[in-house]
Amino acid sequence: MPAFLWPAVLYALIFALHALLPARTVEGYVSGPDGKPLRYRLNGLVVFLATVLLWAGACWRGLLPWDAMYLHRWELLAGACVLGLLFTGVVVFTAPPVPNFFRGLFLGRVEQPRWLGGRVDLKMFLYLLGATVLELNLLSFGAHHLLRYPGEASPGVLLYLALFSFFLVEYLFFERVHLYTWDFVAEGVGFKLGWGCFVFYPFFYGIGLWATAELPGPGWPAWTLVPIALLFFLGWSFARGANMQKYFFKRDPGARALGIAPVAIGGKVLASGFWGLSRHLNYLGEVLMAVALTLALGHPEVLWPWLYPLYYVLMLGARQRDDDKRCAAKYGALWEEYCRRVPWRIVPFVY
Ligand code: NDP
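Residues numbered from 1 in each chain as written. Predicted model: local features only at pLDDT ≥ 70, side-chain atom pairs only at ≥ 80, totals over all residues. Heavy atoms only, no water.

1. A look at the overall build of the protein chain
Next, step 1: When helices and strands are tallied, the protein chain shows 16 helices and 6 strands.
Next, step 2: Relative to the globule expectation of 20 Å for 351 residues, the C-alpha radius of gyration of the protein chain, 21 Å, shows essentially globular dimensions.
Next, step 3: By the burial criterion, 51% of the 351 residues in the protein chain qualify as buried.
Next, step 4: For the protein chain, the proportion of contacts with a sequence separation of at least 24, taken over those separated by at least 6, is 77%.
Next, step 5: Accessible surface for the protein chain amounts to roughly 16,400 Å². Of this, 70% is attributable to carbon and sulfur atoms.
Next, step 6: Positive and negative side-chain charges in the protein chain, numbering 29 and 21 respectively, have mean positions lying 8 Å apart. (Helix = DSSP H or I, 4+ residues; strand = E, 2+ residues; numbered from the N terminus. Rg over C-alpha atoms; globule rule 2.2 N^0.38 Å. Buried < 20%, exposed > 50% of the residue type's maximum accessible area, 1.4 Å probe, protein only. Contact = heavy atoms within 4.5 Å. Areas by Shrake-Rupley, 256 points an atom, 1.4 Å probe, with all protein chains shown as cover. Lys, Arg positive; Asp, Glu negative; His and termini not counted. Charge placed at Lys NZ, Arg CZ, Asp CG, Glu CD.)

Structure (structure tokens):
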């Protein structure tokens, strides 16, 4: 089968696993048309692990070279692009038209589209798909590096793989927390999320390894990996800490986080802990993790890997401004008070 068609098989497999494997059902944050919170089937981690195991089993049995996804990366990218466009077309054009055609195409006509009678929430499926295909790409790109430099592989590439895999597994482990984020409260499913999760997330996020898998290790002393890993986990603690604190607050505004009672303006806008340091410390955390991943590859002189942290800076910088506007409109005077108390947008004492 031509590699161009592999994404169709893989994406269908992930969809089927998500729809068929057992899942826990939880109540989400946003409401459905009946005004009640939507319910979600969550089995992301199981689907992710099952897919990785199936891929590893196929490679182990010799049905597929370990680095097949690296060797055929351009065909896979092209196949995923076509699928992403088809998917976007189906999701957007099967929904009733909206006043602004282009906004509907880009951000979706339906806020919370669901298939199979509500069994598959498309947003949750898309994030799961993106994370799983990205993991396979990373493992295959890493395998190519290991096969290219037997016995001399860069330890930084191994650290990169370990940290990135941790990043994806922990996202799926805390899948439920994702239901309380911007993606669920502010946008629908159109080209941005559909094409984004079919193509951009699984292929662009690994651009660092895509660009450096052929290169030998930099020969840096092993200890240099320690500060890089520490930088990654510092970023992780900012992002995860802030997201968890908000999640517990939204579920129970009186709940204590790490034993400390929250300070909330008007009982609604959290202004303590991570949310008292800046208005989006979670975004700073994402950027620090991206920088650490790029440094782990050991080739700061190659510019392509830097596109990954640069993307975060641009995307999250813009999102912070949009979110500020959304929250100012929603919370009014409470938000003004919050901005007065916590003047830093993302980086405490800097920005
Ligand atoms: P947030 O999780 O910060 O969600 C923003 C929403 O949270 C606001 O619209 C508001 O919604 C609520 N909120 C904001 N400030 C407060 C406050 N002080 N008190 C109470 N509620 C508040 O942002 P995102 O959804 O953008 O990001 C979630 C996570 O995902 C972050 O860690 C982010 O970095 C990460 N991310 C990762 C990406 C990736 O590609 N890896 C891409 C984008 C994000 P409400 O109406 O509920 O009050």
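On we go.
2. Looking at the environment of Gln 245
Next, step 1: Inspection of the secondary structure assignment puts Gln 245 in helix α12 (residues 225-251).
Next, step 2: As for Gln 245 and Leu 270, which are separated by 25 residues in sequence, their C-alpha atoms are 9.1 Å apart.
Next, step 3: Excluding residues within four positions of it along the chain, Gln 245 makes contact with Ala 257, Leu 270, Ser 272, Gly 273, Phe 274 and Trp 275.

3. Some thoughts on the nonpolar core
Next, step 1: In this structure, Tyr 11, Tyr 160, Phe 164, Leu 168, Tyr 205, Tyr 308 and Tyr 312 are the most contacted members of the largest nonpolar core, which totals 76 residues.
Next, step 2: Discounting residues that sit within four places of it in the chain, Tyr 160 has contacts with Leu 138, Tyr 205, Gly 206, Gly 208, Leu 209, Leu 293, Ala 296 and Leu 297. (Core = buried A, V, L, I, M, F, W, Y, C linked by side-chain atoms within 4.5 Å.)

4. Describing the site of the ligand
Next, step 1: Of all residues adjacent to the ligand, which total 26 residues, the nearest are Tyr 29, Trp 182, Tyr 205, Asp 323 and Tyr 331.
Next, step 2: One nitrogen or oxygen atom from the side chain of Lys 250 is found 2.7 Å from an oxygen atom belonging to the ligand.
Next, step 3: Counting only elements with at least two residues in the shell around the ligand, the list comes to α12, β6 (269-270), α14 (281-296), α15 (307-331) and α16 (333-341). (Near = heavy atom within 4 Å. Polar contact = N/O pair within 3.5 Å; in protein donor to acceptor, adjacent residues only side chain to side chain.)

5. As for the pairing of strand β2 (residues 37-42)
Next, step 1: Pairing between strand β1 (residues 24-31) and β2: 5 bridges, direction antiparallel. The partner of Thr 25 across the bridge, within β2, is Arg 41.
Next, step 2: The turn joining β1 and β2, which pair antiparallel and follow one another in sequence, is formed by 5 residues; a positive phi near 85° is taken by Gly 35. (Pairing = 2+ DSSP bridges.)

6. Let's talk about the packing of helix α2 (residues 44-60) against helix α6 (residues 122-148)
Next, step 1: The contact between α2 and α6 brings their axes to 10 Å, and the two run at 30°. With respect to α6, the axis of α2 lies roughly parallel. Judged by the sense of rotation from one axis to the other, the crossing of α2 with α6 is right-handed. Counted together, Gly 44, Val 47, Phe 48, Thr 51, Val 52 and Trp 55 of α2 and Leu 128, Ala 131, Thr 132, Glu 135, Leu 136, Leu 139 and Ser 140 of α6 form the full contact between these two elements.
Next, step 2: The class makeup of the residues in the contact of α2 with α6 is 8 nonpolar, 4 polar and 1 charged. (Axes fitted to C-alpha atoms, helices over the stretch in contact; angles between N-to-C directions. Parallel < 35°, antiparallel > 145°, perpendicular 65-115°, else oblique. Left-handed = near helix turned anticlockwise from the far one by under 90°. Nonpolar A, V, L, I, M, F, W, Y, C, P; charged D, E, K, R; others polar.)

7. Some details on the environment of Gly 332
Next, step 1: Turning to its location among the elements, Gly 332 is positioned in the loop between α15 and α16.
Next, step 2: Take Gly 332: its relative accessible area is 28%, and that puts it in the partly exposed class.
Next, step 3: For the pair formed by Gly 332 and Phe 249, sequence separation is 83 residues and the distance between their alpha carbons is 19 Å.

8. Observations regarding helix α10 (residues 191-204)
Next, step 1: Taking 1.5 Å per residue, 14 residues should reach 20 Å; α10 reaches only 16 Å between its end C-alpha atoms and comes up short.
Next, step 2: Cys 197 marks the point of greatest bend in α10, at about 55°.
Next, step 3: Most of α10 is tucked away, with 10 of its 14 residues classed as buried.
Next, step 4: Within the sequence span of α10, burial applies to Leu 193, Gly 194, Gly 196, Cys 197, Phe 198, Val 199, Tyr 201, Pro 202, Phe 203 and Phe 204.
Next, step 5: Contacts from the buried residues of α10 go to α1 (6-20), α4 (73-93), α6, α7 (155-173), α11 (207-212) and α15. (Expected span 1.5 Å × (residues − 1). Bend = angle between axes of the 7 residues up to and from the residue.)

9. Side note on the state of the cysteines
Next, step 1: Within the structure shown, the criterion is met by 0 disulfides.
Next, step 2: Just so you know, Cys 81 is unpaired, no disulfide at all, and the nearest cysteine sulfur is the one on Cys 197, 14 Å from it.
Next, step 3: The thiol sulfur of Cys 327 is not disulfide-bonded, and the nearest other cysteine sulfur, from Cys 339, lies at 8.8 Å. (Disulfide = S-S within 2.5 Å.)

10. Re unusual backbone geometry
Next, step 1: At Leu 116, a position not held by glycine, the phi torsion is positive, near 55°.
Next, step 2: Mapped onto the elements of the fold, Leu 116 is located in the loop between β3 (114-115) and β4 (120-121).
Next, step 3: Classification of Leu 116 by relative accessible area gives exposed; the value is 52%.
Next, step 4: Even without glycine at this site, Phe 349 takes up a positive phi of about 65°.
Next, step 5: Looking at where Phe 349 falls in the secondary structure, it is placed in the segment after α16.

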